[in-house]
Amino acid sequence: MTTAPDRTPLARAFFDRPVLEIAPDLLGRTLVRDTDDGPIELRLTEVEAYDGPNDPGSHAYRGRTDRNAVMFGPPGHTYVYFTYGMWHCLNLVCGPVGTASGVLLRAGLVTRGADLARAHRPTSRRDTDLAQGPARLATALSVGRDLNGADACSAGGGPFRMLAGTPPEPAAIRSGPRTGVGGEGAAHPWRYWIDGDPSVSPYRAHAPRKRAKTAARPGDGTA
């Protein structure tokens, strides 16, 4: 049986490249999340690149910790973190072992399993906002820390698969500053999105948080 080009799994070599090459190349690709209730498929429409030790906005900027250890491992695995005491975010590890770069999956359009995604996000008003933003995306796909380190390139099955999908025309790809990133990394134009797609999340510049009972850790909301 012949596999349709858009259903071809992405090989691990796809992720074993510089993160700034991979991030825009992920647009239009299909992320498959296999749940106990069935599969959910998502066409990626917005992502952000984080370049490890070269990037003050990255969780890995200051080196390896228990929290970010997966980022230093093989490419093609997932890095899931909990942020602001409320939300999970889903990333894909990129580059050779030890480089600690990754791509935050910011938004996408659910193309299969929308009923399952709606059950995870019952407050969503439209299907286009089911995964409109990294926290919504992770919630729609039922992603928690238990999936940290999952292999998205495994031929033997697993909770995630990445398929070739249908990349947009290069002229439709836009780039700009990352959402909510401040400091030295604020100006990096490492957020990429498909122009005009209704599932892309609204851009929000970094706003310094006032000291409260619990201060956000540096890099929270980034990969």
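Residues numbered from 1 in each chain as written. Predicted model: local features only at pLDDT ≥ 70, side-chain atom pairs only at ≥ 80, totals over all residues. Heavy atoms only, no water.

Colleague: I'm lost on the overall build of the chain in this one. Help?
Modeller: Counting its secondary structure elements, the chain contains four helices and eight strands. Written out in order from the N terminus, the α and β elements of the chain read α-α-β-β-β-β-β-α-α-β-β-β. Looking at the chain as a whole, 50% of its 223 residues are labelled buried. Considering only intrachain contacts with a sequence separation of at least 6, the fraction spanning at least 24 residues in the chain is 65%. Here the chain displays about 10700 Å² of accessible surface, and carbon together with sulfur accounts for 53% of that area. (Helix = DSSP H or I, 4+ residues; strand = E, 2+ residues; numbered from the N terminus. Buried < 20%, exposed > 50% of the residue type's maximum accessible area, 1.4 Å probe, protein only. Contact = heavy atoms within 4.5 Å. Areas by Shrake-Rupley, 256 points an atom, 1.4 Å probe, with all protein chains shown as cover.)

Colleague: Can you walk me through the packing of aromatic side chains in this structure?
Modeller: How two aromatic rings sit relative to each other is given by the distance of their centres and the angle of their planes. A complete count under the given rule lists two aromatic pairs for this structure. Taken together, a centroid distance of 5.0 Å and an interplanar angle of 75 degrees make the contact between Phe14 and Phe15 edge-to-face. Considered together, Phe14 and Phe15 belong to a single accessibility category, that of buried residues. The residue whose ring lies beneath Arg33 is Phe160, and the NZ or CZ to ring-centre distance is 5.6 Å. Across the ring face of Trp193, the terminal group of Arg191 is positioned such that the distance to the ring centre comes to 4.0 Å. (Phe/Tyr/Trp six-rings, centres within 6.5 Å; stacked < 30°, edge-to-face > 60°. Lys NZ or Arg CZ within 6 Å of the ring centre and 35° of its normal.)

Colleague: Honestly, the side chain of Ser124 in this entry has me stumped. Any pointers?
Modeller: Along the chain, Ser124 falls in the loop between α3 (114-120) and α4 (134-140). Overall, Ser124 belongs to the buried group, its relative accessible area being 18%. A polar contact is formed between the side chain of Ser124 and the backbone oxygen of Arg126, at a distance of 2.9 Å. Here Ser124 is in contact with Asp129 and Leu130, once residues within four sequence places are set aside. (Polar contact = N/O pair within 3.5 Å; in protein donor to acceptor, adjacent residues only side chain to side chain.)

Colleague: For this particular structure, what's the right way to read the environment of Pro159?
Modeller: Inspection of the secondary structure puts Pro159 in the loop between α4 and β6 (160-163). Sequence spacing of Pro159 and Asp34 is 125 residues, and the spatial spacing of their C-alpha atoms is 4.9 Å. Contacts of Pro159, omitting those with residues within four sequence positions, involve Val32, Arg33, Asp34, Leu147 and Ala150.

Colleague: Is there a simple way to think about unusual backbone geometry in this case?
Modeller: Peptide bonds are trans in most cases, and residues, glycine excluded, mostly fall at negative phi. Positive phi, close to 60 degrees, is recorded for Ala100, a residue that is not glycine. Within the fold, Ala100 resides in the loop between β4 (87-94) and β5 (101-112). One non-glycine residue, Ser142, adopts positive backbone phi at about 55 degrees. Residue class for Ser142 comes out partly exposed when judged on its relative accessible area of 35%.

Colleague: Teacher, can you tell me more about the side chain of Asn68 here?
Modeller: By the element assignment, Asn68 lies in the loop between β2 (38-50) and β3 (78-83). A distance of 2.9 Å separates a polar side-chain atom of Asn68 from the backbone oxygen of Gly63.

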